[in-house]
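Chain by chain, the residues run as shown.
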Amino acid sequence: PRACGGIGVFMHRLAEALAAAGHEISVITRSTGRHTVDLENGVWVHRVPLVEHGARAHAGLPDLPQVIRNHALTVYDEAMRIQAQRGAAVTLSAIWDLEAAACVASAAFTNFVYLVTTYQLSLPDKPEWQRDAHYREHHVGKMIAGERWLLASSARVIASTRGIRDDVLTLNPEVHRAQPVPVIPFGLPAAGALPPRPADYPDDAIVVLFVGRFEARKGVDLLLDVIPDLLERHPRLHFRLAGDDRIVVDGETYKAAFLARHRARTDLLARIDFRGFVDDAALEAEYAHCDVFVAPSRYESFGLIYLEAMRWGKPCIGTRIGGIPEVVGDDCALLAEAGDAGSLAQALDTLVSTPSLRQRLGEAGRRRFDTHYSIDAFCTHLLDALALPDTMPASAPAATPDAHGTPPATHGTAVRGQQESVAVG
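In short, a report on the structure. (Residues numbered from 1 in each chain as written. Predicted model: local features only at pLDDT ≥ 70, side-chain atom pairs only at ≥ 80, totals over all residues. Heavy atoms only, no water.)

**Focus on empty space enclosed by the protein**
Per the stated rule, a full pass over the model turns up two cavities of 30 Å³ or more. For the second largest cavity, the calculated volume is near 30 Å³. Along the walls of the second largest cavity sit T118, Q120, I144, E147, R148, L151, V168 and N172, which together make up its complete lining. Across the lining of the second largest cavity, the residue classes break down as three nonpolar, three polar and two charged. (1 Å grid on protein atoms, 1.4 Å probe; cavity = no way out; pocket = protein on both sides within 12 Å on 5 of 7 lines; lining within 4 Å. Points joined across faces, edges and corners; volume = space filled by probe spheres on them. Nonpolar A, V, L, I, M, F, W, Y, C, P; charged D, E, K, R; others polar.)

Have a look at this one:
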């Protein structure tokens, strides 16, 4: 019940889709209040408050920042309760924040980890991390070491794109996987009925939408730098920016710095809407009614935001880095150079100026989404990668790795409710 990024979205969609296909799925997530367990759209959702575990011993768990350690042990305790009650044997988690670290350190589960943008890859675009030497050493440094450990210790590592797989493995040559890392792109449900147009939507305008956190990695600073000139050049142009705009960088937010810099240009500011965090329904309406979607990230392992725009037939502007080129393909988007405001401005100027190109890219994006990124294809390919049988008895014990750390193929998640899978998100 709070704002979440792409990891939360893909875990949510995956859990519901697997449950609809007959699997028994539990999701463990952070609670904003008391400990609750709810059955929501076929998924058992366990919301657990963070517990302080101090120096509690847990064999095999590496040296992690205390807050990360607390969360990992809290997740582990809940996963063990689920296992005792319903026989859970498999965990699936994202590498970010090492949420399943305590599960991976134990022999109680077969653990699968999905590669997303890591602390290691985020560091170059986190100036606040780099300036704080203590945080850099005692939090970020430990997290990067923990990521290497998780890569080496998980039963299987899965990547959403070749880009994130190659980048992570190149940065960590000391990690040797006995099995190859399969590439399984995320998927989303198809777009539903066209939502109502937002009441404050500008009339007779070309609307460019940005969705993302207002931080350097998302490239919002570059976008804000090029907006004024583009508005000058295109009188019908409007920008709508959705996402958490309260993140402080160098003592103030990007939004506050932009508004202060251009406070005299009320004519231009009237054509920029800072939406802040919006709920799912409002976000769908933003995607459905914009003319161009832009996300000039300095790095994305995948970029679920592009899929969210492509399924509505919207032309995209991304950057040539990480997994973005694989997601949008050659004919669905214009790609700027990451970190280059000039090429971003050129791409925006081209799409704003060329209605036929917007239509062609948007139609190609919708076709690409339908062909490659359906939620059904995502689930099918993921289950194939887990390579676990659907004939395992419901009473099957938890998987125990052999001397080489490889789990036996006969233990894990099975389909049609015979064995439970725990999605740790």
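**Digging into the environment of A55**
Tracing the backbone through its elements, the reader meets A55 in the loop between β3 (43-48) and α2 (66-86). The exposure class assigned to A55 is exposed, which follows from its relative accessible area of 77%. Residues A55 and Q66 lie eleven residues apart in sequence; the distance between their C-alpha atoms is 8.9 Å. (Helix = DSSP H or I, 4+ residues; strand = E, 2+ residues; numbered from the N terminus. Buried < 20%, exposed > 50% of the residue type's maximum accessible area, 1.4 Å probe, protein only.)

**Examining the environment of A20**
Residue position: A20 is located in helix α1 (residues 6-20). Separated by 22 residues in the primary sequence, A20 and G42 have C-alpha atoms spaced 6.8 Å apart.

**Looking at the nonpolar core**
Judged by nonpolar contacts, the single largest core of 99 residues is most densely connected at F10, Y114, Y287, F293, Y306 and L307. In terms of residue count, the dominant contributor to this core is α1 (eight residues). Beyond its immediate sequence surroundings of up to four residues, F10 is in contact with Y114, V116, F186, L304 and F378. In terms of nonpolar packing, the next biggest core, distinct from the first, is built from 33 residues, L241, F274, L344 and V352 among them. (Core = buried A, V, L, I, M, F, W, Y, C linked by side-chain atoms within 4.5 Å. Contact = heavy atoms within 4.5 Å.)

**Considerations on the packing of helix α8 (residues 220-233) against helix α9 (residues 254-261)**
A pair of packed helices can be characterised by two numbers: the angle between their axes and the separation between those axes. Contact geometry of α8 with α9 gives a least axis separation of 10 Å together with a crossing angle of 20°. By the angle class used here, α8 and α9 are roughly parallel. At the point where α8 passes α9, the crossing takes the right-handed sense. Between α8, through V220, D221, L224, D225, I227 and P228, and α9, the contact on the second element is made entirely by Y254, F258 and R261. The residue inventory of the contact of α8 with α9, partitioned by class, reads six nonpolar, no polar and three charged. (Axes fitted to C-alpha atoms, helices over the stretch in contact; angles between N-to-C directions. Parallel < 35°, antiparallel > 145°, perpendicular 65-115°, else oblique. Left-handed = near helix turned anticlockwise from the far one by under 90°.)

**As for the side chain of S154**
You can see S154 is positioned in the loop between α6 (133-153) and β6 (156-159). Here S154 falls in the buried class, since its relative accessible area comes to 4%. A distance of 2.9 Å separates the side chain of S154 from the backbone oxygen of L150, its partner in a polar contact. Excluding residues within four positions of it along the chain, S154 makes contact with V104, N111, V113 and R177. (Polar contact = N/O pair within 3.5 Å; in protein donor to acceptor, adjacent residues only side chain to side chain.)

**Some words on the packing of α1 against helix α16 (residues 375-386)**
Put simply, α1 and α16 touch, their axes get as near as 10 Å, and they point 80° apart. In terms of axis orientation, α1 runs roughly perpendicular to α16. Two secondary-structure elements touch here, α1 through F10, R13, L14, A17 and L18 and α16 through I375, F378, C379, L382 and L383. Of the residues belonging to the contact of α1 with α16, the class tally is nine nonpolar, no polar and one charged.

**With respect to the side chain of H71**
When you line up the elements, H71 lands in helix α2. For H71, a relative accessible area of 7% corresponds to the buried category. Excluding residues that lie within four positions of it along the chain, H71 makes contacts with R30, L50 and E99.

**Some points on the packing of aromatic side chains**
Following the criterion strictly, the structure yields 16 aromatic pairs and no others. A centroid spacing of 4.4 Å and a plane angle of 20° characterise the contact between W96 and Y119, whose relative ring orientation is stacked. Of the two residues, W96 is situated in the loop between β4 (90-94) and α3 (101-105) and Y119 in helix α4 (residues 119-122); the sequence distance between them amounts to 23 residues. With a relative accessible area of 24%, W96 lands in the partly exposed category. One aromatic cluster is present, built from ring pairs that chain together F10, Y114, F186, F302, Y373 and F378. (Phe/Tyr/Trp six-rings, centres within 6.5 Å; stacked < 30°, edge-to-face > 60°.)

**Some words on the pairing of strand β5 (residues 110-115)**
The element β5 is largely enclosed, with a buried count of six among its six residues. Alternating residues of β5 divide into T110, F112 and Y114 and N111, V113 and L115, and every residue in both groups is buried. Pairing of β4 with β5, which is carried by five bridges, proceeds in the parallel orientation. Bridged to L92 within β5 is F112. Where β5 and β6 come together, four bridges link them in parallel fashion. Bridging from a neighbouring strand, V113 pairs with V157 of β6. (Pairing = 2+ DSSP bridges.)

Keep in mind these values describe shape, not function.
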